[in-house]
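# Commentary on secondary and tertiary structure
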Amino acid sequence: MDITESLSHHILDHDWGITLGGFHWPVTTHSVTILAVSVVLLILLAWAARPHKSRNGRLVTALLEEYVLFIRDGLVVPNMGEEGKSLVPYFCTLFLFILAVNLAGMIPGMKSANANISVTAALALCSGGLIVYNGLKFHGFVGFLKSFIPSGTPWWLVPLIFPLEVVSTVIKVSVLAIRLFANMFSGHVALLCLLFMIFMLGQTHWAAGAGSAVPIMVLELFMTCLELLVAFLQAYVFTLLTAIFTGAVIHTH
Amino acid sequence: MPLGSFSKKEHVAITTLGLEFALAELAGGAAGLWLDKKWGTSPWLFLLGVGLGFVLGMYMIIRGAQSLESSQNNAAPKEIKNGHH
């Protein structure tokens, strides 16, 4: 069994796109997953947002309201103040999208698109855009540039501190992408490596493979539960950090 | 509790510091390597990039610690605040 090939087959993205008129239209596992998740979320949420008469329907509405309140009162208002209330829809979308894409990786046959750095980089770019937009909206262009200089900095240190602050903001946003990517990617790799251990032991002797199967599957179950936790945790951390950074730009000093 | 009375927000801020420090050096090194290849100055710009990345990483950690300390002082009673400064 070729482990490298098997790993890359299960972890990496696959392109089965078509070339039309000299231009390649990429269709990959991850892009299909993202589209599927988006369509499912759109349909489900559009249905849930309608006024419901039945008891179960009202329960769904109450659950959604609870979710929106959790984002507004738990994440947005404590970190961004009253000014952030207009951004609650963005944070609701961000959390639910990341969570749904993370959980899609747990469904057999699907892959978590957040295990692809391009996807998480795009999400981080959206968050970076939100940060810059709010800085410009609340402080204007000059005020936004000034907010990069910490209060109490001597004037002769400004040329040194300003680039450091700008680059450190870029790095903070990049860290968002890398954290989400690394957590989702490493979870899948750990699960697969555990599974491969059964086959590697089985190659030495069939009894070793058979004997190790049960303990490794117990470990696999534990890792799957851990990955379920990480799916929720990383969606929460990404949303929380975006709220913290945006809040820091709105309330500079 | 070893972390004292830090809030949830501050806990998250502490966990990002390590990754930020690592990424600053990696980014500096990558930029140095790229410029080295472009201008054929290997290995000097790579070393300079890693050094600058290290400076940036240290700066980010010190700034992070400062902001944590100031938020702790704001939360603490007044006499402690006066004792610090």
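For the structure, see preceding data.
Residues numbered from 1 in each chain as written. Chains lettered and ligands numbered in written order. Predicted model: local features only at pLDDT ≥ 70, side-chain atom pairs only at ≥ 80, totals over all residues.

## Some details on the overall build of chain A
Counting secondary structure elements, chain A contains seven helices and two strands. The order of α-helices and β-strands along chain A, N terminus first, is α-β-β-α-α-α-α-α-α. If one aligns the C-alpha atoms of chain A with their principal axes, the spans along those axes are about 70 × 60 × 50 Å. (Helix = DSSP H or I, 4+ residues; strand = E, 2+ residues; numbered from the N terminus.)

## Description of the nonpolar core
Formed by 46 residues in total, the largest nonpolar core has its most connected members in A:Val76, A:Phe91, A:Phe95, A:Ile98, A:Leu176 and B:Ala24. Tallying contributions element by element places helix 7 (residues 206-250) of chain A first for this core, with nine residues. Here A:Leu176 is in contact with A:Ala124, A:Ser127, A:Phe238 and A:Leu241, once residues within four sequence places are set aside. (Core = buried A, V, L, I, M, F, W, Y, C linked by C-beta atoms within 7 Å. Buried ≥ 20, exposed ≤ 12 C-beta atoms within 10 Å, placed from the backbone. Contact = placed C-beta atoms within 7 Å.)

## A word on the packing of helix 6 (residues 158-204) of chain A against helix 1 (residues 8-39) of chain B
Two elements in contact, helix 6 of chain A and helix 1 of chain B, have axes whose closest approach is 9 Å; the angle formed by their N-to-C orientations is 105 degrees. On the basis of the axis angle, helix 6 of chain A is roughly perpendicular to helix 1 of chain B. On helix 1 of chain B, the residues that touch A:Ile171, A:Lys172, A:Ser174, A:Val175, A:Ile178 and A:Arg179 of helix 6 of chain A are B:Thr16, B:Leu19, B:Glu20, B:Leu23, B:Ala24 and B:Ala27. Classifying every residue of the contact of helix 6 of chain A with helix 1 of chain B gives seven nonpolar, two polar and three charged. (Axes fitted to C-alpha atoms, helices over the stretch in contact; angles between N-to-C directions. Parallel < 35°, antiparallel > 145°, perpendicular 65-115°, else oblique. Nonpolar A, V, L, I, M, F, W, Y, C, P; charged D, E, K, R; others polar.)

## Some words on helix 4 (residues 88-104) of chain A
End to end, helix 4 of chain A covers 24 Å across 17 residues, agreeing with the expected 24 Å (1.5 Å per residue, within 8%). Listed in full, the buried residues belonging to helix 4 of chain A are A:Phe91, A:Cys92, A:Leu94, A:Phe95, A:Ile98, A:Leu99, A:Val101, A:Asn102 and A:Ala104. (Expected span 1.5 Å × (residues − 1).)

## A short note on the interface of chain A and chain B
Contacts between the two partners involve 14 residues from chain A, matched on the other side by 11 residues from chain B. The set of elements that each furnish at least two residues to the side of chain A that touches chain B consists of helix 6 and helix 7 of chain A. When residues of the side of chain A that touches chain B are assigned to their parent elements, the largest contribution, nine residues, is made by helix 6 of chain A. Along the lines of polarity and charge, the residues of the side of chain A that touches chain B split into nine nonpolar, three polar and two charged.

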